[in-house]
Amino acid sequence: MPPTDTTPDAPSPKKEAAAAVLPRGGAPGIRFEKVVKRFGSNVVLRELDFSVAPGERVTLIGPSGSGKTTILRLLMTLEKLDDGLIWVGDDTLWHMEKGGKRVPANQRHLHEMRKRIGMVFQQFNLFPNMNVLRNLTEGPVRVLGLSRDEAVERARGLLDMVGLADKIDAHPSQLSGGQQQRVAIARALAMEPRVLLLDEVTSALDPELVVGVQDLLRDIARESDLTMLCVTHEMGFAKDISDRVLMFDQGQIVEEGPPDRIFGEPSEQRTRDFLQAVLAS
Amino acid sequence: MSDVLDSYQLLLKGAWVTVQLTLYGSALALVLALVFGLVGTSRLRAVRALNRVYVEFFRGTATLVLMYWFFYSLPLIGLRFTPMFAAVLALGLNVGAYGAEVVRGSVNAVPRAQYEATVALNFTPLQRMRRVLLPQAVALMLPPFGNLLIELMKGSAVVSLITISDLMFRAKQIQASTGETLWTYVAILVIYFVIAQVLQLAVRLAERRVDRMLGRAPSREASLSTIAAGAPGAEVR
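None of the values given here were measured: they were computed from a predicted structure.

Undergrad: Please give an account of the packing of helix H6 (residues 177-190) of chain A against helix H7 (residues 207-223) of chain A that cites residues and values.
TA: Residue and element names in this part refer to chain A. At a minimum axis distance of 8 Å, the contact between H6 and H7 shows a crossing angle of 20°. As far as their axial angle goes, H7 and H6 are roughly parallel. Judged by the sense of rotation from one axis to the other, the crossing of H6 with H7 is right-handed. Across from Gly 177, Gly 178, Gln 181, Arg 182, Ile 185 and Leu 189 in H6, the residues of H7 making contact are Leu 209, Gly 212, Val 213, Leu 216, Leu 217 and Ile 220. Each residue belonging to the contact of H6 with H7 can be placed in one class, and the counts come to seven nonpolar, four polar and one charged.

Structure (structure tokens):
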């Protein structure tokens, strides 16, 4: 039996706690230039162009298989690029300069680039062999080179912000889905990314746990200046959190605009059909 | 029967040799299993080939033949091993090949999402393996490792053929001197069984430790479901 959430309507994080632990400044923009991604003979992204301004919050919507998640996975370097360029700030993610020429990135370049980016997954993906504290400190200590004390302090601040300070010694298996996802958000933020990728972060949660996670993300969006890319099927949440919404279909942007317009009066039939189908489900 | 019991010192001596063979052989097998098992999870085909060559060769050759080879054939080209060394080498290489497959299968059975989380946290390939994938794979490895450990111990019963005085050798000695065929072999049957139970207990304790590490409630006794839950391919809870 899954553990019950002891804090179903998790308190919205204290503003001062969030302001203290959330990194600020230097959020980069993102630009996709004629990006192509294939899986075998299936072309998921075809010469996709779009950009995200520094600190902008963009939500990607569209039917499954339209390539939204692939965009996040390319940015997190979980999928390889087939063609085109992805810029994060002033640097290309998958390419580097060598002898005045642009060549495919090596591991060192990817390692440097990943420092700017964090991702929260649909299935949380916490490490079951570590308790909550170590889930949050392992990266900062091993990757960022923080001292253990600094990492623990940062972890405590983040757990306070996500409302799970009392679960610091728990194992992931002892937490509810909502709690696990809040720990996963804290874990991603512990690495002080400047870009945060959210991949259907509430899709795997029981309906009553969705609100807590969404409230947390709203607060993070409000209190930080992170560049955020969000894939979601929760249209209300998308409306609250985003500056801009991109509607995808078959690897291309069908329509884009501010959330009020996309959800209120979409101009494309494809968007209307999609929104209707989502609202009906 | 009393003749057999009078020879208990010989039996204990033999049992001690069997235990030593088991400990040294399994230590070697464990190292080989980890090295070649991890090599088998490499992204590079040439590196993976090392795993295939080792596993296929030593899994496909009889331990006894290997022992003969190390003990009787290698001296012909000037390489001389003690009987104990030859036996440990043969047992370790053979069981290590099975173990390498267990390691490779267990590491590959850790959900891919765990690997992706390590990439998202910017771990180096070594940190991914050392901190996340291997610790979780150990939970999957332990039950099959328990089987292999007992297999290795039982497989050591042929070492008397290269002049080692193990438990089986001592039994033959006692049987020949006392004529007590039935009770001699009953005695060593029991001793082999007891050694196996001790080894099994050690593996159980290790499994409990891993359960605690993974935040699972340790099961009081092994049931079919807990055994299946630890098998390679089973989902890590």
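Undergrad: Explain the environment of A:Pro207 to me, and be specific about the residues and the numbers.
TA: Take A:Pro207: it is sitting in helix H7. Placed 29 residues apart in sequence, A:Pro207 and A:Gly178 show a C-alpha to C-alpha distance of 9.8 Å.

Undergrad: Which residues make up the sheet that holds strand E11 (residues 244-249) of chain A, and what are the values?
TA: Residues and elements named next belong to chain A. Read from one edge to the other, the open sheet built from six strands follows the order E8-E9-E10-E3-E11-E12, with strand pairing classed as mixed. Looking along the sheet, the strands with just one partner apiece sit at the ends: strand E8 (117-120) and strand E12 (252-257). Between one strand and the next, the sheet's axes are offset by a mean angle of 20°, whatever the strand orientation. Pairing of E8 with strand E9 (residues 195-199), which is carried by four bridges, proceeds in the parallel orientation. Looking at E9, one finds that Val 120 is bridged to Leu 198. Lying on the sheet, helix H10 (residues 269-280) is in contact with strand E3 (57-61), E11 and E12; it crosses E11 at an angle near 95°.

Undergrad: Tell me what's going on with the interface of chain A and chain B, and back it up with residues and numbers.
TA: At the junction of the two partners, chain A supplies 26 residues and chain B supplies 22 residues. Taken together, the two surfaces of chain A and chain B that pack against each other cover about 2200 Å², and 55% of this comes from carbon and sulfur. Of all residues in chain A, the largest losses of buried area upon contact with chain B belong to A:Phe127, A:Pro128 and A:Asn129, amounting jointly to 27% of the total for that side. Its salt-bridge partner being A:Arg73, residue B:Glu116 comes within 2.6 Å of it at the nearest N-O pair. Inspection of the region where chain A meets chain B yields 10 residue pairs in polar contact (both at pLDDT 80 or more). For the side of chain A that touches chain B, the elements supplying multiple residues, two or more each, are helix H3 (107-114), E8 and helix H4 (132-142) of chain A. For the side of chain A that touches chain B, a count of residues per class yields 11 nonpolar, nine polar and six charged.

Undergrad: Give me the lowdown on the pattern of salt bridges, citing residues and values where you can.
TA: When charged atoms on two side chains of opposite charge get close, those side chains can pair. The final tally for this structure, using the stated rule, is 25 salt bridges over all chains. Here A:Arg73 makes a salt bridge to A:Glu79, at a shortest N to O gap of 3.0 Å. Each of B:Arg52, B:Glu56, B:Arg59, B:Glu101 and B:Arg104 takes part in a single network of salt bridges with overlapping partners.

Undergrad: I'd like a description of the sheet that holds strand E5 (residues 91-92) of chain A, backed by residues and values.
TA: Strands pair in a sheet through their backbones, by hydrogen bonds, and they do so in one of two ways: parallel or antiparallel. Across the sheet, which stays open at both edges, the four strands sit in the order E2-E1-E4-E5 (chain A) with antiparallel pairing between neighbours. The sheet is open, and its two edges are formed by strand E2 (42-52) and E5 of chain A, each paired on a single side.

Undergrad: So, the packing of helix H2 (residues 8-39) of chain B against helix H3 (residues 45-59) of chain B: which residues are in play, and what are the values?
TA: Residue and element names in this part refer to chain B. Between H2 and H3, whose axes approach to 7 Å, the crossing angle comes to 135°. The pairing of H2 with H3 is recorded here as oblique in orientation. Here Leu 32, Phe 36, Gly 37 and Val 39 of H2 come into contact with H3, specifically with Val 47, Arg 48, Leu 50, Asn 51 and Tyr 54. Each residue belonging to the contact of H2 with H3 can be placed in one class, and the counts come to six nonpolar, two polar and one charged.

Undergrad: Please give an account of the pairing of strand E4 (residues 83-88) of chain A that cites residues and values.
TA: Residue and element names in this part refer to chain A. With five of its six residues buried, E4 lies for the most part within the structure. In the sheet, strand E1 (residues 30-39) pairs with E4 via five bridges, with the strands oriented antiparallel. Residue pairing in the sheet places Val 36 in a bridge with Asp 83 of E4. By the bridge criterion, two bridges tie E4 to E5 in an arrangement that is antiparallel. When the sheet's bridge partners are listed, Val 88 is paired in E5 with Asp 91.

Undergrad: I'd like to hear about H4(A), residue by residue, with values.
TA: A large share of H4(A) lies buried, amounting to nine of its 11 residues. By the burial criterion, the buried members of H4(A) are A:Val132, A:Leu133, A:Asn135, A:Leu136, A:Thr137, A:Glu138, A:Gly139, A:Pro140 and A:Val141. Those residues of H4(A) that are buried are in contact with helix H5 (148-161) and H6 of chain A together with helix H7 (125-155) of chain B. Between the side-chain oxygen at the start of H4(A) and the backbone nitrogen of A:Leu133 there is a gap of 3.3 Å, and the oxygen is on A:Asn131.

Undergrad: Explain unusual backbone geometry to me, and be specific about the residues and the numbers.
TA: All names here are of chain A. For Lys 34, which is not a glycine, the phi torsion comes out positive at approximately 45°. Residue placement: Lys 34 occurs in strand E1. For Lys 34, a relative accessible area of 48% gives the class partly exposed. Here the phi dihedral of Asn 125 falls at roughly 55°; this positive angle occurs in a residue that is not glycine. Inspection of the secondary structure puts Asn 125 in the loop between E8 and H4. Taking the relative accessible area as the measure of exposure, Asn 125 reaches 6% and is therefore buried.

Parameters and conventions
- Residues numbered from 1 in each chain as written.
- Chains lettered and ligands numbered in written order.
- Predicted model: local features only at pLDDT ≥ 70, side-chain atom pairs only at ≥ 80, totals over all residues.
- Heavy atoms only, no water.
- Axes fitted to C-alpha atoms, helices over the stretch in contact; angles between N-to-C directions.
- Helix = DSSP H or I, 4+ residues; strand = E, 2+ residues; numbered from the N terminus.
- Parallel < 35°, antiparallel > 145°, perpendicular 65-115°, else oblique.
- Left-handed = near helix turned anticlockwise from the far one by under 90°.
- Contact = heavy atoms within 4.5 Å.
- Nonpolar A, V, L, I, M, F, W, Y, C, P; charged D, E, K, R; others polar.
- Pairing = 2+ DSSP bridges.
- Buried area = accessible area lost by both parts, 1.4 Å probe.
- Salt bridge = Lys/Arg side-chain N within 4 Å of Asp/Glu carboxyl O.
- Polar contact = N/O pair within 3.5 Å; in protein donor to acceptor, adjacent residues only side chain to side chain.
- Buried < 20%, exposed > 50% of the residue type's maximum accessible area, 1.4 Å probe, protein only.

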